[in-house]
Amino acid sequence: MAFDTSGNGKTIVNNTVAISNQTGFLFENPINALISNNIFVFNNMDGGNHSEIALISNGIGNNNLIKENLIRINNGIGVNLTMINNSNIQKNKFYGLGMGSSLYLAESDNTTIQDNEFFLSGTALNISSRANNTRFYNNIIYGSISIGIYLGNGVSYSKIHNNTISKSTNEAIYINETSGPETRVGNQIYWNDFFSNNDRVNQTSQAFDFHGDNNFTDNYWQDVWVGSDLDGNGYIDAPYIVSDPTNSTLNDDSKALASPANPEKQFMWVDIDYYQISPMSQLDVLSGTVVIEFPQVYNMWTNFCTYESYYSGDNGASWSSLVLGVKISTINWNTLGIVNGTYWLKVVVIDDVTGTSGEWIDSKVYTISNADHVVTPAQFIEIIEDTGTGYEN
């Protein structure tokens, strides 16, 4: 393994672990550990169930922070917490984790999971057993190969809210059906947006709850279910059925929202290689006509999108339009009409049906330098094949 550490106050930051078939970081009985800004790429490709980050304890592990890590292309587990309490997992990116779980919790209480992105996970959040008071909020889950969120035996009193979960092959949320003395009760699922999960034949619900002792309320459900809000109070007039695989009705969302709760999380910006978002140009100095490539965007809806792009000469205090209303992801920018100097770029994507928009600001700073504004031959930058669809789904 890359790191094997125990004890108090350990800090692991700014490391890269690549092409390894073993656990990346293993912490035993950690207290007040910080794991931040690390990159894990192409690990656990041998089919082993290793973890990139594993925190394992006999019950004394406590108060650990895991933030702003990138875990990419991994067939094992992303982050494993076993008998670890009071952890905070925030602003991490889990991209392309195959059949593994991005986050795996067992016998770990009071975990806060916020502002993370999960893209093409096996299962994004797997709370396996006996974990209480998990708070999972402000996260985006897209395209889980299996399940978005799984709650196993003895998982109770969790709060799952303000998340966007889209296009999981199976359920967005699955509350375990196994019978026994360990209950799964008191979990609250609210203010979430569910888009086109569990589109399998003969399946009618995006969420399964085999017990009915959990509370679904004020969620938005976008799928084949047709509902109307005739009285205009913001809620669908009939409850959304939360069933089991036999379509038995054990629970429902009696206050299903008529419009999304979190429209600001309708889009996920992901580079084509699931690694990091590339700058819109690979050049630092731009002159003449250059090709600008927008980053890849995934729309939680299946609607077409329109792009706009802008440039700024004052670090974003004001923006001027570069192009408006296009359906393609690459454009030619003639810089000859722009005063030489330092510039910033951003792209805006707009859903053609809902009108919801999202923006991404390029972190790279560019210099425009045209000698006497003489037209120079076009400089082609990172051109990729463009389907011209203007959307991803």
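Each remark here, short or long, concerns the structure printed above.
Colleague: If you had to explain the pattern of salt bridges to someone new, which residues and values would you point to?
Modeller: Applying the stated criterion across every chain yields a total of five salt bridges. A salt bridge links Asp284 to Lys364, with the shortest nitrogen-to-oxygen separation between them at 3.3 Å. Of the two residues, Asp284 sits in the loop between β30 (267-269) and β31 (285-286) while Lys364 sits in the loop between β38 (357-361) and β39 (366-368), which places them 80 residues apart along the sequence. The exposure class of Lys364 is buried, given its relative accessible area of 16%. One salt bridge connects Glu359 with Lys346, and the closest N-O pair in it is separated by 3.2 Å. With Glu359 in strand β38 and Lys346 in strand β37 (residues 341-351), this pair connects stretches of sequence that are 13 residues apart. The class of Glu359 is partly exposed, set by a relative accessible area of 44%.

Colleague: Go over the packing of aromatic side chains, please, and point to the residues and values.
Modeller: By the definition in use, this model includes 18 aromatic pairs. Ring geometry for Tyr174 versus Phe208: centroids 6.1 Å apart, planes at 55 degrees, classification tilted. On the criterion of sequence distance, the pair formed by Tyr174 in strand β22 (residues 173-175) and Phe208 in strand β25 (residues 207-209) is long-range, its members being 34 residues apart. Neither Tyr174 nor Phe208 differs from the other in exposure class; each is buried.

Colleague: So what about the environment of Asn63? Which residues, and what values?
Modeller: Position of Asn63 relative to the elements: it lies in the loop between β7 (51-62) and β8 (65-67). Judged by its relative accessible area of 41%, Asn63 is partly exposed. Asn63 sits 54 residues away from Gly9 along the chain, and the two C-alpha atoms are 9.7 Å apart. Apart from residues lying up to four places away in sequence, Asn63 is in contact with Asn32, Ala33, Asn85 and Asn86.

Colleague: Explain the side chain of Thr123 to me, using residue names and the numbers behind them.
Modeller: Checked against the element boundaries, Thr123 lands in strand β16 (residues 123-129). Apart from the residues lying within four places of it in its own chain, the contact partners of Thr123 are Gly100, Ser101, Ser102, Ser146, Ile147, Gly148 and Tyr150.

Colleague: Pulling in residues and values, what's your account of the pairing of β38?
Modeller: Burial along β38 is one-sided: the face carrying Gly358 and Trp360 is buried and the face carrying Ser357, Glu359 and Ile361 is not. The hairpin formed by β37 and β38 contains five residues between the paired strands, and Gly355 there has a positive phi angle of roughly 80 degrees.

Cut-offs applied
- All chains use their own residue numbering, which begins from 1 and follows the written sequence.
- Local features are withheld for residues below a pLDDT of 70 in this predicted model, meaning they are given only at 70 or higher, and side-chain atom pairs are given and counted only at 80 or more; totals for whole chains, interfaces and linings count all residues.
- The side-chain values count all of the structure's non-hydrogen atoms but skip hydrogen atoms and water molecules.
- Within this document, salt bridges are pairs made up of a side-chain nitrogen of Lys or Arg and a carboxyl oxygen of Asp or Glu, the two lying within 4 Å of each other.
- Think of it this way: any DSSP run of H or I at least four residues long counts as a helix, any run of E at least two long counts as a strand, and we number them from the N terminus.
- The cut-offs for exposure are 20% and 50% of the maximum accessible area for each residue type, with area from a 1.4 Å probe on protein chains only; residues under the lower value are buried, those over the upper are exposed, and the others partly exposed.
- Aromatic pairing here means that ring centres of Phe, Tyr or Trp (its six-membered ring) are within 6.5 Å. Orientation follows from the plane angle: under 30 degrees is stacked, over 60 is edge-to-face, and everything else is tilted.
- Throughout, a residue-residue contact means that at least one pair of heavy atoms, one from each residue, lies within 4.5 Å.
- A pair of strands is treated as paired once DSSP finds two or more bridges between them.

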